[in-house]
Amino acid sequence: MNSTTLQINTDQLKFPLGDLYGIFFEDINHAADGGLYAELVRNRSFEFDSIDHKGYHALTAWHFTPQGDASIEIRKESPVSLKNPHYAVISLKEGNFCLANEGYHKGMYITKGSTYYASFYGAATPFSDTPFNKVTLSLETVDGAILASSEIVLSNQWKNYEVTLTVAATSDKVFLCLKSDLPGSYSFDFVSLFPTDTYKGRRNGLRKDLATAIEELKPKFMRFPGGCLIHDGNLDQDARDSLYRWKNTIGPLEDRPARAGNWGYNQTLGLGYFEYFLFCEDIGAKPIPVLPAAYNPHAHEAVPIEELGEWIEDALDLIEFANGDFTTTWGKIRANLGHPEPFHMEYLAIGNEELGAPFMERYPYFHNAIREKYPEIKLISSSGPFADGYDFDLMWEEAEKAGADLVDEHYYMAPDWMLKHTKRYDAYKRDGAKVFLGEYASLDNKYKNALYEAAYMTGIERNADKVSLACYAPLLCNKDYVNWKPDMIWYNHKKMMKSINYHVQKMFLTNQGTDAVESILSTETPNQVIPVANIAGRIGFASENPSVVVSKVSINGITLDTDVTITYNKTTKKLASDSLLATIEPLEETKKSAVLYPAVFEDSFKVCFDFIKTKGKGQFKFIFGLQDGRYYQWELGGWANDMSHLGRCDITTVGKKSIKKYGGINVGRELIIEEHVPYHAEVTVTGHHIRAVLNGELYHDFEEIDTVIPALYQVVSKDDDAVYAKIVNVRTTEQPLTVTLSGSETYKHVEITTLQTDDLAAMNTFLRPNAVAPSTKLETVSNNSYEITILPTSVHVLKFVK
Ligand code: AHR
């Protein structure tokens, strides 16, 4: 007899699901250039610069091979566009030259029979009596095989040339070459190669495999273009490393100023706001742009309040660009770009992950101006980078005070956190602003992470009356340019690989439905409780740069009689300490060294200490509960010396490598540690309860909780066509289940999509891209009832159709 039942009353609608599931696109990990943006030439306009990335220069990715008397230089005196002033000039006196671009991967991937648009700006002045100069534009393998080529006669003025090339063979080691043997001076700029077969066949288009994989997620919205990308930079719009200003990203490609993105590489901005809007339209996702709030929280630089006008204007103009008709200034610009119809933008985010007074002061100016002119736009404010804690609460409070419609939450957490907090949103008050979960992920692409994310998503969907929007992050990663892991879709120049997390997202996104439906799980299977372990282990201090003098260390009331000076030595990457009592040990797990007190403290202890930072940026940490596999830390002046952060780091050892992952706890509060100022800190641990007090003020009060695992996690929704039951079993035992559908409708079939493996460490890889992937089967339903065995460690979607 099956004792577990899921009763679904298909007439009992709870609330509409709206735009719940979407995606977040950020140009991180070469997600745009070298990723979704289908341009194959890297550094096409010779604009790479060491500001973008240490080691970049104007000829990065280019190879100049002269034979005879030929030289190359980069000039900027008469450019194609003043916005991208650099161009290459080759002087050939005798012999020949080849200027070749390697693309993003030391060779482009080109396939037999496909066609490519190859183009460049060129100009040439002959040195001899020849009336003209011509170049050969070719696609050649590293071994010299010519796969396609075309001859082009150049005029002596800048002109854009384009040819369509059809390729004779497949190779992943192809260079785009510009060659000549006619003496003369040759200028080149904006050298470009695009497949003709882009997503939807668009010019200046998107890579088809990646765009299609994104389209297949059927996201209801797309948040773009970042992330830290939008607010980490210079306040001066014309600076190369400026904050992300949308107006720089539209119009002719030549006039979009190449930008130093904060992720350490150059952005051509070829994938700009117009293209983002088009892509949203193509995949049926509502656009959610994120604009900077005239504040760079990474550098603590803010535009003075009296100069906010231009930034607010940017926001108002963006709405007009997206939604205005062509009688409006910006609507007309959009129409002239080829899209007379509006893009129907409904949401706008001001800021990404900001916290603190400069943001709280500025946000209302944006909000009020936009609200007044465009009351229909839903405005999104920020709750900062923490999952909980003092600043998280404060930012929520301020956002609601300012009247934000949604508050953007971001957190990247350990898988066990995901499981512990599936009820997070059950506890949120129902009135006030809605939640936009704009970035979340557990910390890996392993099956366990994807499975626990699925369990967590049942909690999101169950609370979609409060959580209006949710998207995993980041979306894309070029495996040769990793800034951030995990990511949903991985690729190189040849292939794409969908992570298991992608499959979970797809199972939820493509089976959203329009309304949440009442569902009751009844079971005799008791909850499984994993009690939280008490915090026990060693204590110590560590520094990631600053020199700190720690004194008056008292442990459980007994004061040590020696001060500790902690100096992080950049050369040896070790700490030095003059302490006799403390031992300096390499903290193997962290690859950093720490000053550790030898004794182990069990369960309850209190440590007090004074400290003075004498010099240097970076974090000073108090470490506690250090034992095999984990430690806790209180960072004082963490990140860019702007926060107090309480965290837990879990360490796993794979072979000789130890992998550390933060994310067990993520609570923070703004804090700048001043140099030469004495501070007094106290940490009290009682079981699994941590209280951290600085200068008499309680900074963190955090209690780890037990993990309570029900027999199954489940959530149900429906639309006119189907009922969708998402069922997640994180246990290692199977669970027989009877699903009954009551209500006025009869369902005859059920399409069952299953994701399952027993191996929680399994991952999809480029060699085994489908190691774990969902399978689907169709079954008959009788009397609105269906029996199924829910497999151990599995995600199921049961789609009941009439
Ligand atoms: O998603 C990666 C980064 O994480 C985003 O840029 C930022 O918002 C967050 O800190």
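As the structure is a prediction and not an experimental result, all values here were calculated from the model. (Residues numbered from 1 in each chain as written. Predicted model: local features only at pLDDT ≥ 70, side-chain atom pairs only at ≥ 80, totals over all residues. Heavy atoms only, no water.)

Engineer: Tell me about the overall build of the chain, and name the residues and values.
Structural biologist: Helix and strand counts for the chain stand at 11 helices and 50 strands. A compact globule built from 802 residues would reach a C-alpha radius of gyration of about 28 Å, and the chain, at 29 Å, matches this within 12%. Reported as C-alpha extents along the three principal axes, the dimensions of the chain are approximately 90 × 80 × 55 Å. The burial tally for the chain puts 59% of its 802 residues in the buried class. Across the chain, contacts joining residues at least 24 apart in sequence account for 74% of those joining residues at least 6 apart. When the accessible surface of the chain is split by element, carbon and sulfur atoms take 51% of a total near 30900 Å². (Helix = DSSP H or I, 4+ residues; strand = E, 2+ residues; numbered from the N terminus. Rg over C-alpha atoms; globule rule 2.2 N^0.38 Å. Buried < 20%, exposed > 50% of the residue type's maximum accessible area, 1.4 Å probe, protein only. Contact = heavy atoms within 4.5 Å. Areas by Shrake-Rupley, 256 points an atom, 1.4 Å probe, with all protein chains shown as cover.)

Engineer: Could you give an account of helix α4 (residues 309-323), naming the residues involved and the relevant values?
Structural biologist: Compared with an ideal rise of 1.5 Å per residue, which puts 15 residues at 21 Å, α4 spans 21 Å between its outermost C-alpha atoms and is within 8% of the ideal. Turning to α4, its buried residues are W311, I312, D314, A315, L316, D317, L318, I319, E320, F321 and A322. Its buried side turned inward, α4 meets α3 (273-283), β15 (286-291), α5 (329-336), β18 (347-350) and α6 (357-373). (Expected span 1.5 Å × (residues − 1).)

Engineer: Can you lay out the site of the ligand for me, pointing to particular residues and giving the numbers?
Structural biologist: Around the ligand sit E26, I28, G227, C228, W263, N352, E353, H410, Y412, E439, P474 and W484, and those are all the residues in its vicinity. In the model, an oxygen atom of the ligand is placed 2.8 Å from a nitrogen or oxygen of the E353 side chain. Y412 is positioned with one of its side-chain polar atoms (N or O) 2.6 Å from an oxygen atom of the ligand. Contact with the protein chains removes 95% of the 280 Å² of surface that the ligand exposes when unbound. Class assignment of the residues belonging to the shell around the ligand gives a composition of 6 nonpolar, 3 polar and 3 charged. (Near = heavy atom within 4 Å. Polar contact = N/O pair within 3.5 Å; in protein donor to acceptor, adjacent residues only side chain to side chain. Nonpolar A, V, L, I, M, F, W, Y, C, P; charged D, E, K, R; others polar.)

Engineer: Give a detailed account of the packing of aromatic side chains, specifying residues and quantitative values.
Structural biologist: Using the criterion set out here, one finds 48 aromatic pairs in the structure. Ring geometry for F541 against F620: centres 6.1 Å apart, planes inclined by 10 degrees, an arrangement best described as stacked. Here the residue F541 occupies a position in strand β28 (residues 537-543), and F620 occupies one in strand β36 (residues 620-627), the gap between them amounting to 79 residues. Like F620, F541 is buried. (Phe/Tyr/Trp six-rings, centres within 6.5 Å; stacked < 30°, edge-to-face > 60°.)

Engineer: Requested: an account of the sheet that holds strand β21 (residues 434-442), with residues and values cited.
Structural biologist: If you walk across this open sheet you meet the 8 strands as β2-β12-β15-β18-β19-β20-β21-β22, and the pairing is parallel. Edge positions in the open sheet fall to β2 (23-24) and β22 (467-470), since each of these has one partner strand only. As judged from the 3 bridges shared by strand β19 (residues 378-382) and strand β20 (residues 406-413), these two strands associate in the parallel manner. The partner of S382 across the bridge, within β20, is D408. Strand contacts of α3: β2, β12 (221-224) and β15, with the helix running at about 160 degrees to β12, the strand carrying the most contacts. (Pairing = 2+ DSSP bridges. Axes fitted to C-alpha atoms, helices over the stretch in contact; angles between N-to-C directions.)

Engineer: Tell me about the nonpolar core, and please be specific about residues and values.
Structural biologist: Ranked by size, the top nonpolar core spans 143 residues in total, and within it F25, L36, L348, F366 and I370 carry the most contacts. In contact with L36, other than residues within four places in its own chain, are F25, A31, G205, L206, R207, L210, A211, I214, L271, F279 and L476. Grouped together as the second largest cluster of nonpolar side chains are 34 residues, F46, F120, L154 and L193 included. (Core = buried A, V, L, I, M, F, W, Y, C linked by side-chain atoms within 4.5 Å.)

Engineer: Pulling in residues and values, what's your account of the side chain of K466?
Structural biologist: Along the chain, K466 turns up in the loop between α9 (447-462) and β22. Put simply, K466 is tucked away with no salt bridge, and the nearest opposite charge, on E400, sits 4.5 Å away. With residues near it in sequence (within four places) discarded, K466 still touches Y428, K429, R430, D431, G432, A433, K434 and V435. (Lys, Arg positive; Asp, Glu negative; His and termini not counted. Salt bridge = Lys/Arg side-chain N within 4 Å of Asp/Glu carboxyl O.)

Engineer: Now, about the confidence of the model for the chain: what can you tell me, with residues and values included?
Structural biologist: Per-residue confidence for the chain gives a mean pLDDT of 93, with 95% of residues at or over 70. Overall, residues 572-592 carries pLDDT values under 50, and its contacts beyond four positions in sequence, including any with other chains, amount to 64 contacts. (pLDDT = per-residue confidence, 0-100.)

Engineer: Provide a residue-level description of the pairing of strand β1 (residues 5-16), including the pertinent values.
Structural biologist: As paired elements, β1 and strand β46 (residues 735-742) share 5 bridges and run parallel to each other. Across the sheet, the residue bridging to I8 is L741, located in β46. The sheet contact formed by β1 and strand β26 (residues 515-522) spans 7 bridges and is antiparallel. If you follow I8 over to β26, its bridge partner there is S519.

Engineer: How would you summarise α5 if you had to cite specific residues and measurements?
Structural biologist: Turning to α5, its buried residues number three or more, namely W330, G331, R334 and A335. The buried residues of α5 occupy an angular sector of 150 degrees when projected down its axis, which confines them to one face. Projecting away from the buried face of α5 at angles above 90 degrees are the exposed residues T329 and N336. At its buried positions, α5 is contacted by α3 and α4. G338 lies just past α5 and shows a positive phi near 115 degrees. (Arc of directions from axis to C-beta.)

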